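Residue-level structure breakdown
Residues per chain are reported as follows:
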Amino acid sequence: MGQVTSTNRRDVLRAGAGLVAGGAMANGCGTTGTATAAPPTSPSPSPSPAADRLPLQVTHGPRDSVNVALTFHGQGDPALATRLLTTAEQHGAHLTVLAVGTWLDACPAMARRVLDGGHDLGNHTQRHVSINAMAEADARKEITDCADRLERLTGSIGRWFRPSRAATASPLVARLAVAAGYPHVLSYDVDSLDYTQPGASAVTRKVLAEVRGGSVVSMHFGYQDTVDALPDVLQELHRRGLRAVTTTELLSR
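All of these numbers come straight from a predicted model, not from anything done at the bench.

**Notes on the pattern of salt bridges**
- Tallying each qualifying case throughout the model produces 12 salt bridges.
- Ionic pairing is found between glutamate 142 and arginine 127, a salt bridge with its closest N-O pair at 2.5 Å. Of the two residues, glutamate 142 sits in helix α5 (residues 136–154) while arginine 127 sits in the loop between β4 (120–123) and α5, which places them 15 residues apart along the sequence.
- Judged by its relative accessible area of 4%, glutamate 142 falls in the buried class.

**Here's the deal with the packing of helix α2 (residues 78–90) against helix α8 (residues 224–239)**
- Between α2 and α8, the least distance of the axes is 9 Å, while the angle of their chain directions is 5°. Comparing their axes, α8 and α2 come out roughly parallel. Contacts between α2 and α8 pair Leu80, Arg83, Leu84, Thr87 and Ala88 from the former with Gln224, Thr226, Val227, Asp228, Leu230, Pro231 and Leu234 from the latter.
- A per-class count over the contact of α2 with α8 returns seven nonpolar, three polar and two charged.

**Section: the packing of aromatic side chains**
- Scanning the model with the defined rule gives three aromatic pairs in all.
- Taking 6.1 Å as the distance between ring centres and 40° as the angle between the ring planes, the aromatic pair formed by phenylalanine 161 and tyrosine 182 counts as tilted. Residue phenylalanine 161 is located in the loop between α5 and α6 (171–180), and its partner tyrosine 182 is located in the loop between α6 and β5 (185–186); the two are separated by 21 residues in the primary sequence. The two residues phenylalanine 161 and tyrosine 182 agree in class, both being buried.
- These aromatic residues form a ring-pair network of at least three members: Phe72, Trp103 and Phe221.

**Some points on the environment of serine 201**
- Position of serine 201 relative to the elements: it lies in helix α7 (residues 200–210).
- On the accessibility criterion, serine 201 (47% relative accessible area) is partly exposed.
- The sequence separation of serine 201 and alanine 229 amounts to 28 residues, and the corresponding C-alpha distance is 6.5 Å.

**Here's the deal with the packing of α5 against α6**
- Contact geometry of α5 with α6 gives a least axis separation of 10 Å together with a crossing angle of 45°. The angle between the axes of α5 and α6 places the two elements in the oblique class. The crossing of α5 and α6 is right-handed. Where α5 abuts α6, its residues Glu136, Ala139, Arg140, Ile143 and Thr144 lie against Leu172, Val173, Arg175, Leu176, Ala177 and Ala180.
- When the residues that make up the contact of α5 with α6 are grouped by side-chain class, the tally is seven nonpolar, one polar and three charged.

**Considerations on α6**
- Within the sequence span of α6, burial applies to Val173, Ala174, Leu176, Ala177, Val178 and Ala180.
- Contacts from the buried residues of α6 go to β1 (57–58), α5 and β5.
- The positive-phi residue at the C-terminal boundary of α6 is glycine 181, with phi of around 115°.

**Some thoughts on the side chain of threonine 96**
- Note on placement: threonine 96 falls in strand β3 (residues 96–99).
- Judged by relative accessible area, threonine 96 falls into the buried class, the value being 0%.
- Leaving out residues up to four positions away in the same chain, threonine 96 has contacts with Leu70, Thr71, Phe72, Asp120, Leu186, Thr246 and Thr247.

**Quick notes on α7**
- Within α7, burial applies to Ala202, Val203, Thr204, Val207 and Leu208.
- Tucked into the core, α7 has its buried residues touching β6 (190–191), β7 (216–220) and α8.

**Observations regarding the pairing of β4**
- Neither face of β4 is left uncovered, since the one carrying Asp120 and Gly122 and the one carrying Leu121 and Asn123 both have all their residues buried.
- In this structure, β3 lies alongside β4, joined through four bridges in parallel fashion. Note that in β4 the partner of alanine 99 across the bridge is asparagine 123.

**Observations regarding unusual backbone geometry**
- Despite not being glycine, leucine 193 shows a phi value in the positive range, around 55°.
- Along the polypeptide, leucine 193 turns up in the loop between β6 and α7.
- Look at leucine 193 and you get partly exposed, because its relative accessible area is 31%.
- Here the phi dihedral of glutamine 197 falls at roughly 55°; this positive angle occurs in a residue that is not glycine.
- Relative to the elements of secondary structure, glutamine 197 occurs in the loop between β6 and α7.

About the thresholds
Residues numbered from 1 in each chain as written. Predicted model: local features only at pLDDT ≥ 70, side-chain atom pairs only at ≥ 80, totals over all residues. Heavy atoms only, no water. Salt bridge = Lys/Arg side-chain N within 4 Å of Asp/Glu carboxyl O. Helix = DSSP H or I, 4+ residues; strand = E, 2+ residues; numbered from the N terminus. Buried < 20%, exposed > 50% of the residue type's maximum accessible area, 1.4 Å probe, protein only. Axes fitted to C-alpha atoms, helices over the stretch in contact; angles between N-to-C directions. Parallel < 35°, antiparallel > 145°, perpendicular 65-115°, else oblique. Contact = heavy atoms within 4.5 Å. Nonpolar A, V, L, I, M, F, W, Y, C, P; charged D, E, K, R; others polar. Phe/Tyr/Trp six-rings, centres within 6.5 Å; stacked < 30°, edge-to-face > 60°. Left-handed = near helix turned anticlockwise from the far one by under 90°. Pairing = 2+ DSSP bridges.

Next comes the structure, spelled out in structure tokens:
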């Protein structure tokens with residue numbers, strides 16, 4: 001894998017205490033409960049040497065690994081999101097959630113819910129628009145606005161950034177992400193296509209037909225098909241000797 005060569009890299013995680021901003025502001029967010037003050041965070045660890053060796057745009061982890069990362073675009077009905085997180089935890093799995101900033105504004109308690117379950121939480125832009133097509137100032141704001149929400153709610157901007165409405169970031173967007181504190185852009189090598197709502201069995205088949213050691217799988221909150229497919233996906237991964245872990249764990253070697 002190539003080495004990231006961008007300069008002026010910030011720490012991947014910014015330490016500090018944050019306060020959760022207000023209660024839920026959109027319909028359907030009451031299921032998360034009223035947001036409360038986030039506890040102070042401990043100083044963030046430095047990126048591992050393995051993380052330093054990652055390419056700027058990451059599509060998968062080591063192919064000889066028994067680990068895979070199930071990554072989720074974080075927006076939609078918080079009740080479905082909570083059920084999905086709970087299902088993962090019941091199976092001993094940990095996920096990666098790339099949150100949309102407007103979703104965090106509407107459902108701020110979900111940020112702590114994700115982290116308290118042992119999952120990764122990262123940045124999927126503020127409004128989930130086509131970031132690669134935006135002017136530089138607008139694209140920068142999409143990244144930094146979401147980063148600001150994450151830091152305010154959790155004390156950290158998160159380890160990972162994924163561009164919205166694109167599998168990979170344009171060179172401009174990748175550069176802006178690095179400047180915002182994200183040394184790597186998180187892509188994927190398996191697309192579940194769950195957002196097309198093909199049915200739970202189709203989601204399951206698509207993932208299991210393509211996943212292998214080191215895979216990063218793209219999935220979404222907010223779809224019943226995804227919630228229904230997850231138990232079968234996790235059970236089959238276990239049968240194959242594969243483990244669903246956070247992206248941080250997958251890429252730590």
